[in-house]
Amino acid sequence: MRRLLVIGIGAGDPDHLTLQAVAAMGSVDVFFLLDKGTAPALAAHRDRLIATHGSGSHRVAVVVDAERDRDADAYQAAVQRWHADRADRLADAIDAELGPDAVGGLLVWGDPMLYDSTLRIVDQLLARSPGAFEVEVVPGITSVQALAAAHHVPLHDVGAPVHLTTGRRLADDWDGTSTVVLLDGQQAFTAVEPTDVEILWGAYLGTPDQLLVRGPLAEVADRITTERAAARQRHGWIMDTYLLRRPPR
Ligand SMILES: C[S@@+](CC[C@H](N)C(=O)[O-])C[C@H]1O[C@@H](n2cnc3c(N)ncnc32)[C@H](O)[C@@H]1O
């Protein structure tokens, strides 16, 4: 039976790989790389992990990603079409490259359960061809864990909930509950009423370029915006995430 391993590779530090992920990578016959126009530095990190932890007899199949229609009015429908197209391309690659009883590997930044479409796409493949392969998911260190570790904080207040959201949803979602924001290219924190709000921000977490800023939102929002723009210019890309919360008393 063919197997497909979906492996979380952590948020940027090569040492984020768990022992389970290292073993899984060593058992992969074919790595399927979804070429999402990934930043060169991230692609290089992924390639180094494969070179270090792959079996040496593994192969790499690059699956060129589908174009996403970013102008479409209906966001959900556009994303569904994009995922279906991506599933077609991955299905073709698996049929062409993965022999019977072979092991395929899909590497996912951070962990596959957090703002990543890989597991939905794998589900689509299995819905089209039930039993086509067995699936195993290997968890990884998320950017959220890397953020909390870098700032030495728990995410939530004692016994209180925590909210995870995206930059595009923050304005609707922020209600004073401790909130972690990912996928924010617009610095949505600048639109939050800053009184009694603390921000713990991190970029390039787990990498040698890691940046951290923490403080009252009213005092550090401008500094984060400036540092973010300069870093993005310097590197040509940025990945950042942050926690908004009421300051602990
Ligand atoms: C598509 S989501 C993937 C999240 C990933 N699955 C995870 O477990 O962290 C990409 C977002 O994750 C966050 N992110 C991922 N890696 C990061 C890093 N090393 N430093 C800061 N933020 C990161 C950013 O908010 C980025 O926009």
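This text follows the structure it describes.
Quick caveat, the model's predicted, so the values are computed rather than measured.

1. Things to note about helix H3 (residues 75–97)
Here comes step 1: A rise of 1.5 Å per residue sets the reference length of H3, with its 23 residues, at 33 Å; its end C-alpha atoms lie 33 Å apart and thus fit the reference within 8%.
Here comes step 2: Those residues of H3 that are buried are in contact with strand S1 (3–8), strand S2 (30–35), strand S3 (59–64), strand S4 (103–108) and helix H4 (118–128).

2. Some details on the sheet that holds strand S9 (residues 211–216)
Here comes step 1: Here we have 5 strands laid out as an open sheet, ordered S6-S7-S10-S8-S9, and mixed in their pairing. Both outer strands of the open sheet, strand S6 (163–166) and S9, are each paired with one neighbouring strand and no more. Pairwise comparison of adjacent strand axes, ignoring direction, gives a mean angle of 15 degrees for this sheet.
Here comes step 2: With 4 bridges connecting them, S6 and strand S7 (residues 179–182) associate as parallel partners. Considered in S7, the bridge of His-163 is made with Thr-179.
Here comes step 3: Contacts from helix H5 (residues 143–151) reach S6, S7, strand S8 (198–203), S9 and strand S10 (240–245) within the one sheet, and its direction differs from that of S8 by about 115 degrees.
Here comes step 4: Packed on one face of the sheet, helix H7 (residues 217–235) meets S8, S9 and S10 and runs near 165 degrees to S9.

3. Brief notes about the site of the ligand
Here comes step 1: In the neighbourhood of the ligand, 16 residues make up the surrounding shell, with Ala-11, Trp-109, Leu-114, Ser-143 and Asp-240 lying closest.
Here comes step 2: A distance of 2.6 Å separates a nitrogen atom of the ligand from a polar atom in the backbone of Ala-11.
Here comes step 3: In this structure, an oxygen atom belonging to the ligand sits 2.7 Å away from a main-chain N or O atom of Asp-240.
Here comes step 4: Considering the ligand on its own, with 570 Å² of exposed area, one finds that the protein chains cover 90% of that surface.
Here comes step 5: For the shell around the ligand, the per-class residue count stands at 9 nonpolar, 5 polar and 2 charged.

4. So, the side chain of Asp-111
Here comes step 1: Structurally, Asp-111 is set in the loop between S4 and H4.
Here comes step 2: For the buried Asp-111, no salt bridge is present, and the opposite-charge side chain at shortest range is Arg-120, 11 Å distant.
Here comes step 3: Polar side-chain contacts of Asp-111 include one of 2.7 Å to the backbone nitrogen of Met-113.
Here comes step 4: In this structure, Asp-111 is in contact with Gly-8, Pro-139, Gly-140, Ile-141 and Thr-142, ignoring residues within four places of it in sequence.

5. Topic: the pattern of salt bridges
Here comes step 1: In the structure shown here, the tally under the stated rule is 11 salt bridges.
Here comes step 2: For the salt bridge of Arg-2 with Asp-95, the shortest nitrogen-to-oxygen distance reads 3.9 Å. Here Asp-95 lies in helix H3 and Arg-2 lies in the segment before S1, a separation of 93 residues in the sequence.
Here comes step 3: With a closest N to O distance of 3.0 Å, Arg-3 and Glu-136 form a salt bridge. Note that Arg-3 is positioned in strand S1 and Glu-136 in strand S5 (residues 134–138), a separation of 133 residues in sequence.
Here comes step 4: Classification of Arg-3 by relative accessible area gives partly exposed; the value is 28%.
Here comes step 5: Put simply, Glu-198, Arg-214 and Arg-245 are held in one network by salt bridges that share partners.

6. Here we look at unusual backbone geometry
Leave glycine aside and you will find that most residues have negative phi; peptide bonds, for their part, are mostly trans.
Here comes step 1: Phi is positive for Leu-183, which is not a glycine, with a value near 50 degrees.
Here comes step 2: Among the structural elements, Leu-183 can be located in the loop between S7 and S8.
Here comes step 3: What makes Leu-183 exposed here is its relative accessible area of 59%.
Here comes step 4: You will see that Asp-196, though not glycine, has its phi angle at about 60 degrees, which is positive.
Here comes step 5: With respect to the element layout, Asp-196 can be found in the loop between S7 and S8.

7. Details of the sheet that holds S1
Here comes step 1: Spatially, the 5 strands line up as an open sheet ordered S3-S2-S4-S1-S5, and their pairing is parallel. Sheet topology places S3 and S5 at the edges, where each strand pairs with a single neighbour. Within the sheet, the average angular offset between the axes of one strand and its neighbour, ignoring direction, is 25 degrees.
Here comes step 2: Here S1 runs beside S5; their pairing, made up of 5 bridges, is parallel. Within S5, the position partnered with Ile-7 by the bridge is Val-138.
Here comes step 3: Against the sheet, helix H1 (residues 19–26) makes contact with S1, S2, S4 and S5, and its axis sits at roughly 140 degrees relative to S1, the strand it touches most.

Parameters at a glance
- Numbers given to residues run from 1 along each chain, matching the order in which its sequence is written.
- Under the rules for a predicted model, residues below a pLDDT of 70 receive no local features and side-chain atom pairs below 80 are neither given nor counted, while totals for whole chains, interfaces and linings still include all residues.
- The basis for the side-chain values is all heavy atoms of the structure; hydrogens and waters are excluded.
- Secondary structure elements are defined from DSSP: runs of H or I of at least 4 residues count as helices, runs of E of at least 2 residues count as strands, and each element is numbered from the N terminus.
- A helix is expected to reach a length of 1.5 Å times the quantity of its residues less one.
- In this analysis, two residues are considered to be in contact whenever any of their non-hydrogen atoms come within 4.5 Å of each other.
- Strand pairing is defined by DSSP finding a minimum of two bridges between the two strands.
- To define axes, lines are fitted to C-alpha atoms, for helices over the stretch in contact only, and angles between the resulting N-to-C directions are given on a 0 to 180 degree scale.
- Near is defined per residue: the residue qualifies when any heavy atom it owns lies within 4 Å of the molecule or strand.
- Here a polar contact is taken to be a pair of N or O atoms separated by no more than 3.5 Å, where protein atoms must pair a possible hydrogen donor with a possible acceptor and residues adjacent in sequence count only if both atoms sit in side chains.
- Here the Shrake-Rupley method, with its probe set to 1.4 Å, supplies the accessible areas, and only the displayed protein chains count as covering residues.
- Residues are sorted three ways: Asp, Glu, Lys and Arg are charged, Ala, Val, Leu, Ile, Met, Phe, Trp, Tyr, Cys and Pro are nonpolar, and all the rest, Gly among them, are polar.
- With a 1.4 Å probe rolled over the protein chains alone, any residue whose accessible area is under 20% of its type maximum counts as buried; one over 50% counts as exposed, and the rest are partly exposed.
- The positive count covers Lys and Arg only, the negative count covers Asp and Glu only, and His and the chain ends enter neither.
- Criterion for a salt bridge: a side-chain nitrogen of Lys or Arg within 4 Å of a carboxyl oxygen of Asp or Glu.

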